Amino acid sequence: MIIILKPEIDPAGSEVQQILNSLHYYQGIQTRISGVTGKERKVLEIYVIGDTSRIPDEEIERLPGVERVVRVSKKYRLIGRHRDDLEGLRFEYNGLVFDQDSFHIFAGLCAVDRPENVEAMFKALAQYGISTSRMGAYKPRTNPYSFQGHGRKCLPWLFELAGKYGIKCIAMEVTKEVHIEEIYEELERAGRPTGVMLQIGTRNAQNFELLKAVGSQVEFPVLYKRGMGITLEESLNACEYIASEGNRNIIFCLRGVKTNLGDPHRNLVDFAHVPVVKGLTRLPVCVDPTHSVGRRSKAPDGIEEIFHIAAQGVISGANAILVEFHPRPQEALCDGPQALTLEELPHFLEDMRLVRETYLARKALAQKYGSLKESEVLRGMPLSSACAL
Ligand code: PEP
Ligand code: MN
């Protein structure tokens, strides 16, 4: 059950206290207050957890300060797209806007290694006007003897270099709660020269304690990567976990799913789900072509497979790309064989700009056809010219 409060209500005021007292009269009920800033106004809500079947809606709706009571019978109550809840979940972070219309490219190293490599990456991004990157400091690895990331100790110089090159947001995976604290403390210590988006890796897609940890803080947005071996519904429910803890600044990232049917790619590319996730939820959707494809390899047309696959996501309306680059892939401590090189960066960016523009043109085309009456479509040129293609 969710209780939506009237806009002027003070969370620390007497009305909220009276509502909480009425709810706690029912045994086993837990409550949590959450504030959400939408485009139009700030919404204050009380989430009621437990067996709420005995609580009469009308009684709660009569209390001062209550706007309405919503029963959570719908899937993905907070992140979902519902009839009475169509506004996208837009958020701003460190001067960047994220929603289902925005477009960002998070390009960078899989794992932070040497300052020279990180600096070369940031410098190249700055040269092409990109202020979003990816850098792994905490790496969950399949093999216990593989490099596990430099952890906290690389954060001071990493953040300083990011600030030097105007990087505003770094996507960085966290694998346990204490990593959030470490990132927060090191950013503060460095004087906040940059920002961080907390990445939940596919291996932690159903680590509910970690999901609750990133959800119960609102300092950092969250980039959630779809679980590689679970259903889409289970991954979306995991995002609902994050949102239900209070943080709705979430980007949903498709990264391929595990099945040998995708061979020789590392994972079966699931970018056909971009419009599906945009329809089921109000979250911005990211695609990760690197971990889907898993190798640097040129197709016979001269285009890198990773470019091709990224383009498939972008042309379907993806709002972000998470992609691995490395100035010296042969030196990379993790995922070198799938990293693009800095020489390929301008080509990649230009290619992605091209498909993004084509997506926007496709969207405008759909609007044009959507507003035409059926008779006008039948009479018009577009159909016959389409046949000529
Ligand atoms: C990553 O982005 O570095 C990563 C490990 O991705 P995934 O969790 O999708 O495997
Ligand atoms: Mn990687």
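The model shown is predicted, which means the values in this text are computed figures rather than measured ones. (Residues numbered from 1 in each chain as written. Chains lettered and ligands numbered in written order. Predicted model: local features only at pLDDT ≥ 70, side-chain atom pairs only at ≥ 80, totals over all residues. Heavy atoms only, no water.)

Summed over all chains, the structure comprises 20 salt bridges. Its salt-bridge partner being E331, residue R114 comes within 3.0 Å of it at the nearest N-O pair. Residue R114 is located in the loop between β7 (104-108) and α3 (115-127), and its partner E331 is located in the loop between β14 (320-324) and α11 (345-371); the two are separated by 217 residues in the primary sequence. We note a salt bridge from R152 to E186, for which the minimum N-O separation is 2.8 Å. Placement of the pair is R152 in the loop between β8 (132-134) and α4 (155-164) and E186 in helix α5 (residues 177-189), with a sequence separation of 34 residues. According to the relative accessible area criterion, R152 is partly exposed, its value standing at 28%. Among the charged side chains, a network of salt bridges with common partners joins R152, E185, E186 and R189. (Salt bridge = Lys/Arg side-chain N within 4 Å of Asp/Glu carboxyl O. Helix = DSSP H or I, 4+ residues; strand = E, 2+ residues; numbered from the N terminus. Buried < 20%, exposed > 50% of the residue type's maximum accessible area, 1.4 Å probe, protein only.)

The subject of this paragraph is the site of ligand 1. In the region of ligand 1, the neighbouring residues are R134, K139, E173, Q199, G201, T202, R203, K225, R255, H291 and E324. At 2.8 Å, a side-chain N or O of K225 approaches an oxygen atom of ligand 1. Across the complex, the protein chains shield 97% of the 290 Å² of accessible surface that ligand 1 would expose by itself. Class assignment for the residues of the shell around ligand 1 results in no nonpolar, four polar and seven charged. (Near = heavy atom within 4 Å. Polar contact = N/O pair within 3.5 Å; in protein donor to acceptor, adjacent residues only side chain to side chain. Areas by Shrake-Rupley, 256 points an atom, 1.4 Å probe, with all protein chains shown as cover. Nonpolar A, V, L, I, M, F, W, Y, C, P; charged D, E, K, R; others polar.)

Turning our eyes to something else, we now look at helix α6 (residues 208-215). Regarding α6, the residues found buried are L210, L211, A213, V214 and G215. Turning to α6, the residues buried within the fold contact α5, β10 (196-200), β11 (222-225) and α7 (232-244). (Contact = heavy atoms within 4.5 Å.)

It is worth spelling out the domain arrangement of the protein at this point. The accessible area lost on association of the parts is a frequent measure of interface size. With domains assigned, the protein is organised as domain 1 (2-70) and domain 2 (91-363). Taken together, the contacts link five residues of domain 1 with five residues of domain 2. Between domain 1 and domain 2, roughly 410 Å² of surface is buried when both sides are summed, and carbon and sulfur atoms account for 31% of that area. For E45, the salt bridge identified is with R248, shortest N-O distance 2.7 Å. Our count for the domain 1 to domain 2 interface comes out at three residue pairs in polar contact (both at pLDDT 80 or more). Breaking the side of domain 1 that touches domain 2 down by element, the ones donating at least two residues are β2 (30-37) and β3 (42-49). Here the element with the most residues in the side of domain 1 that touches domain 2 is β2; it accounts for three residues. The class makeup of the residues in the side of domain 1 that touches domain 2 is two nonpolar, one polar and two charged. (Domains from an automatic or database assignment. Buried area = accessible area lost by both parts, 1.4 Å probe.)

Right, let's get into α5. In this model, α5 (13 residues) spans 19 Å end to end at C-alpha, consistent with the 18 Å of a helix rising 1.5 Å per residue. Buried residues of α5: H179, I180, E182, I183, E186 and L187, and no others. For α5, the angular spread of the buried residues around the axis is 165°, confining them to a single face. Turned more than 90 degrees away from the buried face of α5 sit E177 and R189, all of them exposed. Elements that come into contact with the buried residues of α5 comprise α4, β9 (169-173), β10 and α6. Positive backbone phi, at 85°, marks G191, one or two positions downstream of α5. (Expected span 1.5 Å × (residues − 1). Arc of directions from axis to C-beta.)

Glancing now at the nonpolar core. Judged by nonpolar contacts, the single largest core of 94 residues is most densely connected at F122, L158, I183, Y224 and F348. Counting residues domain by domain, this core receives three or more from each of domain 1 (2-70) and domain 2 (91-363). The next biggest cluster of nonpolar side chains, apart from the first, holds 18 residues, and it includes I3, I19, Y26 and I60. (Core = buried A, V, L, I, M, F, W, Y, C linked by side-chain atoms within 4.5 Å.)

So, on to the coordination of the manganese ion (ligand 2). Within the first shell, the manganese ion (ligand 2) binds the protein through C110 (SG), H291 (NE2), E324 (OE) and D335 (OD), at distances of 2.0 to 2.4 Å. The motif formed by the donor residues of the manganese ion (ligand 2), counted along the single chain, is C-x180-H-x32-E-x10-D. Here C110 is found in the loop between β7 and α3, whereas its partner D335 is found in the loop between β14 and α11, with 225 residues between them in sequence. C110 gets classed as buried once you look at its relative accessible area, which sits at 5%. By relative accessible area, which is 18% here, D335 ends up buried. (Donors = N, O, S within 2.8 Å, 3.2 Å for Na, K, Ca; no water.)

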